[in-house]
Each structure stands twice: as structure tokens, then as C-alpha cells.
Amino acid sequence: MAVKVGKPAPDFETNAYIDGEITKVKLSDYKGQWVMLYFYPGDFTFV
Amino acid sequence: MVLAISIDSPFTHKVWQEGELSKMVPGGLPYPMLSDTGGRVGELYDVYDEANGVDIRGRFLIDPDGILQAMEVLAPAVGRNVAEMIRQIKACRFVRETGEATPAGWEPGKKSLKPGAELVGKVCDIWSPDMAF
């Protein structure tokens, strides 16, 4: 599935670290909000 | 909502947050740090670098309906422009709320355009290239 502007962003579920807790996050949990999803090569690098 | 994502585990995120990020940002990053184990999500967004096993610097702006509105992918050694990203969020919100269009270099308060047949061939009457800067 290609990623295209104007098309649905692919949904996914991953583990996440939030406020000291480890939990699951699903992109579609944030429907109704603007979401800025950013990928970066690795922790301890710059973003 | 901001979501950061890399191939690192939640435990690595914790160590980075507590050991380094919290020294740069009081209280640490105020948003979730996601773990893209095996680059599965990076593959969905076409930013997974299989040779190096990492996600490259892709950034995706998704609207409240889950539709992708903007994206940018940079080479790993090139850092992003946060001000431009925030400008794009403002422009996308403006377009969604008003149905108007934002020409090059638009910032809040600057001239927007009302798309339609009347505008065809008339952009030069209301907009000039110096307004892009």
C-alpha cells in the first residue's frame, strides 16, 4: 500500500513509552485530532 | 498530538528520555515515543531502511479524519525545520476550516485564495511572488 497525500494514513498498533509507562498505541486512537507522526533513525541521535 | 517513532524498544526510549532528553526538555518529551519493532510501521510509510535496519527521517501530518495531508522525508544526516512543520500544520488547519487555499509562503494573517473558476488566470491580480517570502 502506497502512502499518498489525500489518502488514509495506514493504521498500525505498537508498543509505546508514555510518561514513564509502557503501553500500546494505535494510530486510529487519535482520530478526531491532528497527528504529527515522525520517524527518526534511533534514540540518542538528533530528531 | 505528536507521535515519535523509531525501531528502539520502549525500554531504550525510557533510558533516553530519563538520561538525556529530560536534560534538554524539562520533564522530558510530553508525547508518546513509539517502538517500531522490525521496521513494520516504517515499511507501511515507506521510510524503513532495510540495509541499516532503521527508519529514516519521515514526517507525516494526518488530519482528524485519518487522511494524510502532508509528508516530508529527509536523509538521515539532515535535521528537520520545526518552524516549517508548524507552518504547515497551521496552513492545513486553515484550509480545512475555511475551504480556502494558502499560496506559497502563507502564514496566518497573510492573503489566502478562494479556489474557483473566477480565480483562473487572475491569481496575478491578487498575489505576487514577493508574498511568498
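What counts and what doesn't
Residues numbered from 1 in each chain as written. Chains lettered and ligands numbered in written order. Predicted model: local features only at pLDDT ≥ 70, side-chain atom pairs only at ≥ 80, totals over all residues. Heavy atoms only, no water. Helix = DSSP H or I, 4+ residues; strand = E, 2+ residues; numbered from the N terminus. Rg over C-alpha atoms; globule rule 2.2 N^0.38 Å. Buried < 20%, exposed > 50% of the residue type's maximum accessible area, 1.4 Å probe, protein only. Contact = heavy atoms within 4.5 Å. 1 Å grid on protein atoms, 1.4 Å probe; cavity = no way out; pocket = protein on both sides within 12 Å on 5 of 7 lines; lining within 4 Å. Points joined across faces, edges and corners; volume = space filled by probe spheres on them. Nonpolar A, V, L, I, M, F, W, Y, C, P; charged D, E, K, R; others polar. Lys, Arg positive; Asp, Glu negative; His and termini not counted. Salt bridge = Lys/Arg side-chain N within 4 Å of Asp/Glu carboxyl O. Polar contact = N/O pair within 3.5 Å; in protein donor to acceptor, adjacent residues only side chain to side chain. Buried area = accessible area lost by both parts, 1.4 Å probe. Pairing = 2+ DSSP bridges.

**Student:** What should I look at first to understand the overall build of chain B in this one?
**Tutor:** When its secondary structure is counted, chain B shows four helices and six strands. Start at the N end of chain B and walk to the C end: the helices and strands fall as β-α-β-α-β-β-β-β-α-α. A compact globule built from 133 residues would reach a C-alpha radius of gyration of about 14 Å, whereas chain B, at 19 Å, exceeds it by more than 25%. With the C-alpha coordinates aligned to their principal axes, the bounding extent of chain B is approximately 55 × 35 × 30 Å. Counting over 133 residues, chain B shows a buried share of 38%. Nonlocal contacts in chain B, meaning residues at least 24 apart in sequence, comprise 30% of its contacts between residues at least 6 apart.

**Student:** How do you make sense of empty space enclosed by the protein when you look at a structure like this?
**Tutor:** It is the rolling of a water-molecule-sized probe over the atoms that shows where space remains empty. Residues and elements named next belong to chain B. Under the counting rule described, the total for this entry stands at one cavity of 30 Å³ or more. Empty space within the largest cavity amounts to approximately 30 Å³. Lining the largest cavity are Pro103, Ala104, Trp106, Lys110, Lys111, Trp127 and Met131. Here the lining of the largest cavity is built from residues that sort into five nonpolar, no polar and two charged.

**Student:** Help me understand the side chain of Asp43(A) in this model?
**Tutor:** In this fold, Asp43(A) is placed in the segment after β3 (35-39). No salt bridge is formed by the buried Asp43(A); the nearest opposite charge belongs to Arg57(B), separated by 10.0 Å. There is a polar contact of 2.6 Å between the side chain of Asp43(A) and the side chain of Tyr40(A). Within the local environment of Asp43(A), its side chain forms a polar contact with the side chain of His13(B), the two groups lying 2.8 Å apart. When residues no more than four places from it in sequence are discounted, the contact partners of Asp43(A) are Ser6(B), Asp8(B), Thr12(B), His13(B), Trp16(B) and Met33(B).

**Student:** Help me out: how do you make sense of the pattern of salt bridges in this one?
**Tutor:** Oppositely charged side chains may form a pair once their charged atoms are brought near each other. Residues and elements named next belong to chain B. Taken as a whole, this structure holds six salt bridges over all chains when the rule is applied. In this structure, Lys114 engages Glu100 in a salt bridge whose closest nitrogen and oxygen atoms are separated by 3.4 Å. Here the residue Lys114 occupies a position in the loop between α3 (82-98) and α4 (123-126), and Glu100 occupies one in the loop between α3 and α4, the gap between them amounting to 14 residues. Overall, Lys114 belongs to the exposed group, its relative accessible area being 58%. Classification of Glu100 by relative accessible area gives buried; the value is 17%. Salt bridges sharing partners connect three or more residues here, namely Asp63, Asp65 and Arg96.

**Student:** Just checking my understanding: could you explain the interface of chain B and chain A for this structure?
**Tutor:** Interface size is often expressed as the accessible area that is lost when the parts come together. Contacts between the two partners involve 59 residues from chain B, matched on the other side by 38 residues from chain A. Across the chain B to chain A interface the summed buried area is about 4700 Å²; carbon plus sulfur atoms make up 66%. Contact with chain A buries area across many residues of chain B, yet Met1(B), Leu3(B) and Trp16(B) alone supply 15% of it, more than any other trio. Where chain B meets chain A, there are zero salt bridges. Linking chain B with chain A are 22 residue pairs in polar contact (both at pLDDT 80 or more). Of all elements in the fold, only β1 (2-6), α1 (10-24), β2 (33-35), α2 (40-44), β4 (54-55), β5 (57-62), β6 (68-74) and α3 of chain B reach the threshold of two or more residues within the side of chain B that touches chain A. For the side of chain B that touches chain A, the element with the most residues is α1(B), which contributes 10 residues. Looking at side-chain class alone, the side of chain B that touches chain A contains 34 nonpolar, 10 polar and 15 charged residues. Inspection of the sheet shows strand β1 (residues 13-18) of chain A paired to β2(B) by three bridges, in the antiparallel sense. Note that in β2(B) the partner of Ala16(A) across the bridge is Leu34(B).

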